[in-house]
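The chain contents come next:
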Amino acid sequence: MNTVTVVGRVGRDASENFTSFESGKTKASFSVAVNRWDAKTKAEVTDWFNIDVWDKQAEFAAEYIKKGRLVAIDGRIANRRWTDKVTGNERETFYIIANNIRLLGSKRDAETEVAL
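Remember, predicted model here, so these are calculated numbers, not experimental data. (Residues numbered from 1 in each chain as written. Predicted model: local features only at pLDDT ≥ 70, side-chain atom pairs only at ≥ 80, totals over all residues. Heavy atoms only, no water.)

Caption draft 1: Spatial organisation of the environment of Thr 46. Mapped onto the secondary structure, Thr 46 falls in strand S3 (residues 43-54). The sequence separation of Thr 46 and Val 32 amounts to 14 residues, and the corresponding C-alpha distance is 9.8 Å. Setting aside anything within four residues of it in sequence, one finds Thr 46 in contact with Ala 33, Val 34 and Asn 35. Only 2.8 Å separates the side chain of Thr 46 from the side chain of Asn 35, close enough to count as a polar contact. (Helix = DSSP H or I, 4+ residues; strand = E, 2+ residues; numbered from the N terminus. Contact = heavy atoms within 4.5 Å. Polar contact = N/O pair within 3.5 Å; in protein donor to acceptor, adjacent residues only side chain to side chain.)

Caption draft 2: Representation of the pairing of strand S2 (residues 26-38) in the model. Of all 13 residues making up S2, 10 are buried, and the element is well covered by its neighbours. Linking two consecutive strands that pair antiparallel, namely S2 and S3, is a turn of 4 residues; a positive phi of about 55 degrees is found at Lys 42 within it. (Buried < 20%, exposed > 50% of the residue type's maximum accessible area, 1.4 Å probe, protein only. Pairing = 2+ DSSP bridges.)

The structure is reproduced here in structure tokens:
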């Protein structure tokens, strides 16, 4: 089963893109920083995840997902493969396709973000 949940801070505001005028599908993308403890280095490490979200959730993300906001993302892991035009090497990246986005934190946090 391919399911993932991450909780972290938004690294960049969600950008909304219209992918196809025929289908009317909307996509938004943003990044999330998630902290974890590394036992080897005995230090906190930040992992970055790129998030893609579609349709109504994308519209929601474009309006409310702002840098610094604490969020929980439920979704699945996906990958993209391509050939690097400069080196000709095969490349691959992994990202999360979000099914559900929850805004976390206090109401005060959200008010502070609006003031910025």
